[in-house]
Amino acid sequence: MGRVVVGVAVSVAVVACIVAAGVVGRRVQNRGKWRRVVRVLKELEEDCETSVGRLKQVVDAMAVEMHAGLASEGGSKLKMLLTFVDNLPDGKEIGTHYALHLGGTNFRVLSIQLEGNRSSILEHDVERLPIPQHLMTSTGNDLFDFIASSLKEFIDKGNNSEVLRGGRRDLGFTFSFPTKQTSISSGVLIKWTKGFSIEDMVGRDVTECLQQALNRKGLNIRVTALINDTVGTLALGHYQDADTVAAVIIGTGTNACYLERTDAIIKCQGLHTTSGFMAINMEWGNFWSSHLPRTSYDIDLDFDSPNPNDQGFEKMISGMYLGDIVRRVILQMSRESDIFGSGSSRLSMAFVLTTPLMAEMHEDESPDLREVARILRDTLGILEVPLKARKLVVRICNTVTRRAARLVAAGILGILKKMGRDGTGGIAGVRSRSAVNMKRTVVAVEGGLYTNYTMFREFLLEALTEILGEDNAKHVILRVTEDGSGIGAALLAASHSSN
Ligand code: ADP
Ligand code: MG
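Residues numbered from 1 in each chain as written. Chains lettered and ligands numbered in written order. Predicted model: local features only at pLDDT ≥ 70, side-chain atom pairs only at ≥ 80, totals over all residues. Heavy atoms only, no water.

Let's talk about the site of ligand 1
Taken together, Thr 105, Gly 251, Thr 252, Gly 319, Thr 355, Pro 356, Ala 359, Gly 447, Gly 448, Leu 449, Asn 452 and Tyr 453 make up the full set of residues adjacent to ligand 1. Expressed as a share of its isolated accessible area of 570 Å², the protein-covered part of ligand 1 is 70%. Put simply, the parts of the chain that give the shell around ligand 1 at least two residues each are helix H9 (355–362) and helix H12 (448–452). (Near = heavy atom within 4 Å. Areas by Shrake-Rupley, 256 points an atom, 1.4 Å probe, with all protein chains shown as cover. Helix = DSSP H or I, 4+ residues; strand = E, 2+ residues; numbered from the N terminus.)

What about the side chain of Asn 228?
The topology assignment puts Asn 228 in the loop between strand E8 (221–227) and helix H5 (229–240). When its relative accessible area of 10% is taken as the criterion, Asn 228 is described as buried. In terms of polar contacts, Asn 228 uses its side chain to reach the side chain of Asn 281, at 3.5 Å. In this structure, Asn 228 is in contact with Thr 174, Phe 175, Ser 176, Asn 255, Asn 281 and Glu 283, ignoring residues within four places of it in sequence. (Buried < 20%, exposed > 50% of the residue type's maximum accessible area, 1.4 Å probe, protein only. Polar contact = N/O pair within 3.5 Å; in protein donor to acceptor, adjacent residues only side chain to side chain. Contact = heavy atoms within 4.5 Å.)

Thoughts on the packing of aromatic side chains
The geometry of an aromatic ring pair is captured by the separation of the ring centres together with the interplanar angle, meaning the angle of the planes. All told, the structure shown has 12 aromatic pairs when counted by the stated rule. With a centroid separation of 5.8 Å and an interplanar angle of 70 degrees, the aromatic rings of Phe 175 and Trp 192 are classed as edge-to-face. Taken together, the residues span a long stretch of sequence, with Phe 175 in strand E5 (residues 169–175) and Trp 192 in the loop between strand E7 (186–189) and helix H4 (206–216) at a distance of 17 residues. Accessibility classification places Phe 175 together with Trp 192 in one group, the buried group. Where Phe 177 meets Phe 196, the ring centres are 5.2 Å apart and the plane angle is 75 degrees; that geometry is what we call edge-to-face. Of this pair, Phe 177 sits in the loop between E5 and strand E6 (179–183) while Phe 196 is found in the loop between E7 and H4, placing the two residues 19 residues apart along the sequence. Classification of Phe 177 as buried rests on a relative accessible area of 4%. On the basis of relative accessible area, Phe 196 is assigned to the buried category, the value being 10%. An aromatic cluster is built from Phe 144, Phe 173, Phe 175, Phe 177, Trp 192 and Phe 196, whose rings are joined through pairwise contacts. Its guanidinium or amino end placed over the ring of Phe 177, Lys 194 lies 5.4 Å from that ring's centre, counting from NZ or CZ. (Phe/Tyr/Trp six-rings, centres within 6.5 Å; stacked < 30°, edge-to-face > 60°. Lys NZ or Arg CZ within 6 Å of the ring centre and 35° of its normal.)

Looking at helix H11 (residues 387–418)
Given a rise of 1.5 Å per residue, 32 residues ought to cover 46 Å, and the 47 Å separating the end C-alpha atoms of H11 matches this to within 8%. When you tally the buried positions in H11, you get 26 out of 32 residues, the bulk of the element. Once H11 ends, the next one or two residues include Gly 420, with phi positive near 70 degrees. (Expected span 1.5 Å × (residues − 1).)

Below, the structure written as structure tokens:
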């Protein structure tokens, strides 16, 4: 009997020890896996570091690269393309003008009516149409016939049909693909992007193709301006506020343009304009500098992209990519531990996590981060995420967006530095300790990432103030324009009209 009791007691003790060891083991394991994911987060935060000191280096690098791109063809990763836009709408324009915009999310047709008062656009009609898939890889004639028909229908539908009988109208064409301009109204397509591939168009004059299609439809309309979306934004910005000197697009992609003195465009010696300036399309998405805070996720994203080593700045900044950077960090964490469950296959799919969804997670204010849980479940197939892990996801979003927004701020200030409008006297100027008087400087901004993502906007504005200092920052105004990429083209068509 006694032996039995002892035996049972020993067995119970052994079982208790095993259970206890299990619990302790699991706790140790648990702590280990949290430590590993926190390390992933810390590394991300360190690699994304954007101190004011580092941002100032980016400002300087941007200004230096701009200089180099203006000095010689291929002198910098910044192409610094001439736009031949040397006079911006001043508000005196009158009449009805049209614009077409190809290269945004949708194809857009629009008209504006002007009566000669700055800021007053009497009427503004716009129609958005998807480009039928088959036309994106068809022939130039097919695509441009579709575009011309859409314009004709738009005119027939609107109240504008009789205006055409009154005489010829002008049209601005926003064509957001790389083109080599030879004048304000002509440019040759260098290559297609964004899913278009129409071989017979490459190397041809874009305006000519459109003009011929308009003629075929019997439209008495002349294409007087060929621009890209940044230039349109600059034109509308300048129309609404004459202190506007630059424009930045922060949407699916990112780009900027600004007004440069023609004598600073060294690669085009002898370039002459009556105004003495020209808008330069920077193609800043391709900016690169060793001062940019780059992570292993950026390197992988670039490697997996169809255009490696291209558009490096854009890949750290724009709406096309931010969500995917976040996805890559979550994927890394799920490889290091099981805090996101046993691994979902959807987490490995490139671009499933879009930037608007990332923004929703980032801006989730519910105490239990309900939206984060929903998006992780519905989009990434990650079920049952503990609150602690959801909080980590919010921190990842915060880190990725904060870096992007602060880099845009540095980019903008690089432009202002090049223009001598950052309060330091510019790169060529003599730097004095006391700041040069700042002029009121307006930058027109457009794009869904900036306008729809509040945290992005706040980080950007905060960084501008940090870099410039509060007093100088008061002189720099970021002003959102709406549909400038389209309306600006119509305005430029008006100001370059020969009527
Ligand atoms: P596009 O770049 O095609 O001309 P937009 O300027 O409107 O169009 O930008 C659209 C892009 O803006 C989207 O691809 C997306 O990346 C980003 N975006 C749109 N809405 C949001 C949002 N709510 N939060 C974050 N990013 C957004
Ligand atoms: Mg756009």
